[in-house]
Amino acid sequence: MFELTLQALFSGLLAGGYYATVAVGLALVFGTMRVINLAHGELVLLAAYVAYAAEARYGLNPVLCIPMALVVVCVSSAIVYALLARIEEDREINSLILTFGLGIILTNLILMTWAADIHSTTNAWFLDSVVIADTLFAMRSEVVFFVGGLVLMAAVHLWLSRSWQGRAVRALSSNRNAAKLMGVDPRKTEILSFLVAGALSTFAGIAIYTGKTIFPALGHIITVKAFIITVLAGMGSIPGVLIGAVMIGVIESFTVTFAAASLQELAGMVLFLVVLFVAPSGLFGGKKALSR
Amino acid sequence: MNPRILIPILVAAYLMVPLAFQSNDYILGLIVAALTIAGIAVAWALLGNLGGMVSFGHAAFFGVGSYTSAVLTMKAGFPVFAGLLMGGIGAAIASVATMPALRLKGPYFALAILAYAHIFQILSVQMEGITGGAGGLLSIPRFPTVLGVDFGGKLGGYFIIVTVVILAALAYDAIRRSTWGLALKAMHDSELATRVIGVPSTQLKAVMLVVSAFITGVVGAFNAHFINFLEPDYAFSGTWTVLPIAAAIFGGYRTVWGPVLGALVIYLFDQLLFKEILPHGHQLVLGALMAGMVLWSPGGLVPGLIRRRKGGGAHAHA
């Protein structure tokens, strides 16, 4: 029992690594544009499918597919931005419907191109098990992408806090007009946030492809999960998102271990509702209330 | 409701369509399915336009309505037509459970309702004793024959759903014209200002949510008795959310008949045309329609047509 608990904790922690990269992408875009990109998960899935296509056809190692996937996802991300920027009236409702529609388009394009089958990497190196302290098991892919995820999160954190562009992103999220007065070009900054989100999505997509299985309907599930994590964490802080992601990962793996795999999504949903109703600004959100 | 609009609609609904297609069960079946979507689309538009809330979880109310009616008629001996009403009431009660979500806005409300839909779906799988679990419910009773009219067939089903949809649209219209409608419209412009002059905005939104859920529940109950079969994946399927949204956006969710027209056009085109061309992934077209309408004609089809007839200018807003 104790070992099971420990293993569930460990698996959840590892999943949290790439969950966090998905969620931070969503939060960055929300920060600059005040828009929840409901096609975000589909972009993540797109990266996974690019890796699948390259591996299936040319036998490429999924990690080597990252540059190609990066180009595809960033271009798609930029298209989403270009379309979103065209909306003028009723931005809140219309941007939701637009990105929801774009998500459906992407899901169905993936379905038409790669069929509804379930895929996963055939590269044995990623699937080999790693044993830590004789008791904790993980796939090599999980460990690699957990560490990679942490590094990426640290990089984004540094970028946001130290670089001029990163500060511009934060300035735009906290006060749009003041940021403009200080010489921040909102368009450039918004595009930048979409591109960084695209890069994070690419990483997450490859992580999912090597560690889990992919299928066309997964994109929507990823979007919802990322949204739940950002709600949990509050949109503000990167360490918060990381903790939220690990929490979701752990709760899911506990549900799967001690209840049933079919309840995995339910656990996240219930947690989401509880947090929304009890602490709508998130566990680490500070002042920025989500319900406003 | 303007009789110049209503009378042609009634004539088409009760005379022309039945006369034209009474012997063609296939087309009639498609029209019934399209009207089922239309009913949800009207309910969705009512909440979206008047309440200002986008829901991604109307499948929750559809599923609860269909299960309520199916279970009550099968296990408690309710007459089928009473079941229809109970389906609506069941969904309305379920909507009370979702009311804490009303203080959320925009994406938070939309996804909170989606979460409810998932939770209801999982509950319907787990409550095997009542709902039959993942296996679902078979041979749900059909609509009976009343005064010599067989409501169990395709044509009878058509008359029921077309009545439900027309009543829903009339209710939407009546609310829109009432003082509530005025207050809700003011809320759309500035919720804070509306609250300041004493409009109980949260209560009004709650009422819209209940009405919307009730309509969706009735439609769900109708569908259960029309196809005589239910399972959780079907009853709470995302299709019951996506198609109505696409229909309402396409037709124009700020108008009363836009969602109905949108549902008929989208569903019939989807089934007769797109499904033939793209057997896999024909929902692509729905996504493209949603995105395209938002970008190029945010008001939807119906206001666009009206504007063209009037030669531009007037903006058809709620």
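Residues numbered from 1 in each chain as written. Chains lettered and ligands numbered in written order. Predicted model: local features only at pLDDT ≥ 70, side-chain atom pairs only at ≥ 80, totals over all residues.

1. Notes on the overall build of chain A
What chain A contains, in helices and strands, is 12 helices and two strands. When its helices and strands are written in sequence order, chain A yields α-α-α-α-α-β-β-α-α-α-α-α-α-α. What you see for chain A is a C-alpha radius of gyration of 19 Å, in line with the 19 Å of a compact globule of 292 residues. Each principal axis of the C-alpha atoms in chain A carries an extent, and together these give about 60 × 45 × 35 Å. (Helix = DSSP H or I, 4+ residues; strand = E, 2+ residues; numbered from the N terminus. Rg over C-alpha atoms; globule rule 2.2 N^0.38 Å.)

2. Brief notes about the overall build of chain B
The helix and strand inventory of chain B stands at 15 helices and two strands. Structurally, chain B occupies a C-alpha span of about 50 × 45 × 40 Å along its principal axes. Residues classed as buried in chain B amount to 51% of the 318 residues present. Residue pairs in contact within chain B that sit at least 24 positions apart in sequence constitute 76% of those at least 6 positions apart. (Buried ≥ 20, exposed ≤ 12 C-beta atoms within 10 Å, placed from the backbone. Contact = placed C-beta atoms within 7 Å.)

3. Observations regarding helix α1 (residues 3–21) of chain B
Residues and elements named next belong to chain B. For α1, built from 19 residues, the straight-helix expectation of 27 Å at 1.5 Å per residue is met to within 8% by its first-to-last C-alpha distance of 25 Å. The largest bend in α1 comes to about 40°, at Ala12. Across the 19 residues that make up α1, only a small minority, zero, are buried. (Expected span 1.5 Å × (residues − 1). Bend = angle between axes of the 7 residues up to and from the residue.)

4. Digging into unusual backbone geometry
Although it is not a glycine, Ala115 of chain A adopts a positive phi angle of roughly 65°. With respect to the helices, strands and loops of the structure, Ala115 of chain A is situated in the loop between α4 (91–114) and α5 (124–127). Positioned with a positive phi, Asn228 of chain B is a non-glycine residue whose angle comes to about 60°. Tracing the backbone shows Asn228 of chain B in the loop between α10 (201–227) and α11 (232–235).

5. Some words on the interface of chain B and chain A
Contacts between the two partners involve 32 residues from chain B, matched on the other side by 34 residues from chain A. Contributions of two or more residues to the side of chain B that touches chain A are made by α5 (106–126), α12 (239–251) and α14 (283–296) of chain B. Sorting elements by how many residues they give to the side of chain B that touches chain A places α5 of chain B first, with 11 residues. Broken down by class, the residue content of the side of chain B that touches chain A amounts to 23 nonpolar, seven polar and two charged. (Nonpolar A, V, L, I, M, F, W, Y, C, P; charged D, E, K, R; others polar.)

6. Here we look at the packing of helix α6 (residues 140–162) of chain A against helix α9 (residues 186–211) of chain A
Residues and elements named next belong to chain A. Contact geometry of α6 with α9 gives a least axis separation of 9 Å together with a crossing angle of 170°. Classified by the angle their axes make, α6 and α9 are roughly antiparallel. Mapping the contact onto sequence places Ser141, Glu142, Phe145, Gly148, Leu152 and Val156 in α6 and Val196, Leu200, Phe203, Ala207, Thr210 and Gly211 in α9. Tallied by class, residues from the contact of α6 with α9 come to seven nonpolar, four polar and one charged. (Axes fitted to C-alpha atoms, helices over the stretch in contact; angles between N-to-C directions. Parallel < 35°, antiparallel > 145°, perpendicular 65-115°, else oblique.)

7. Comments concerning the pairing of strand β1 (residues 129–132) of chain A
All names here are of chain A. One ladder, built from four bridges, connects β1 with strand β2 (residues 136–139); its direction is antiparallel. Its bridge partner lying in β2, Ile132 is registered against Leu136. Two successive antiparallel strands, β1 and β2, enclose a turn made up of three residues, where Ala133 displays a positive phi of approximately 55°. (Pairing = 2+ DSSP bridges.)

8. Thoughts on the packing of helix α10 (residues 218–233) of chain A against helix α12 (residues 264–278) of chain A
When two helices pack together, their arrangement is given by the angle between their axes and by how far apart the axes lie. Residues and elements named next belong to chain A. Where α10 contacts α12, the two axes come as close as 10 Å, and the packing angle between them is 35°. You can see that α10 and α12 cross each other, and the crossing is left-handed. In contact with Lys225, Ile228, Val231 and Leu232 of α10, α12 contributes Gly268, Phe272, Val275 and Leu276. A class-by-class count of the residues in the contact of α10 with α12 yields six nonpolar, one polar and one charged. (Left-handed = near helix turned anticlockwise from the far one by under 90°.)

9. Section: helix α2 (residues 40–58) of chain A
An α-helical turn contains 3.6 residues, so any two residues separated by three or four positions project in the same direction. Residues and elements named next belong to chain A. For α2, with 19 residues, the first-to-last C-alpha span of 27 Å sits near the 27 Å given by 1.5 Å per residue. Buried residues dominate α2, accounting for 14 of its 19 residues. One or two steps after α2, the chain reaches Gly59, where phi turns positive at roughly 65°.

10. A word on the confidence of the model for chain A
The predicted coordinates of low-pLDDT regions are not to be read in fine detail. Overall, the prediction assigns chain A a mean pLDDT of 84, with 95% of residues at 70 or greater. Note that residues 287–292 of chain A has pLDDT below 50 and, in this model, 17 contacts with residues that lie over four places away or in other chains. (pLDDT = per-residue confidence, 0-100.)

11. Digging into the environment of Asp233 of chain B
Mapped onto the secondary structure, Asp233 of chain B falls in helix α11. Counting along the chain gives 111 residues from Asp233 of chain B to Ile122 of chain B, while the straight-line C-alpha distance between them is 9.2 Å.

12. Considerations on the environment of Phe146 of chain A
Residue and element names in this part refer to chain A. Counting through the fold element by element, Phe146 comes out in helix α6. Residue class for Phe146 comes out buried when judged on the 22 C-beta atoms lying within 10 Å of it. Phe146 sits 126 residues away from Ala20 along the chain, and the two C-alpha atoms are 9.7 Å apart. Dropping the residues within four chain positions of it, Phe146 is found in contact with Leu14 and Gly17.

13. Things to note about the confidence of the model for chain B
Residue and element names in this part refer to chain B. Per-residue confidence for chain B gives a mean pLDDT of 84, with 95% of residues at or over 70. Contacts for the low-pLDDT stretch residues 312–318, under 50 throughout, to residues beyond four places or in other chains number 13 contacts. The ipTM, which scores confidence in the relative placement of chains, is 0.79 for this predicted complex, and the corresponding pTM is 0.84.

14. Regarding the environment of Ala206 of chain B
All names here are of chain B. With respect to the element layout, Ala206 can be found in helix α10. Along the primary structure Ala206 and Gly52 are separated by 154 residues, whereas in three dimensions their C-alpha atoms are 12 Å apart. Apart from the residues within four sequence positions on either side, Ala206 is in contact with Met99 and Leu102.

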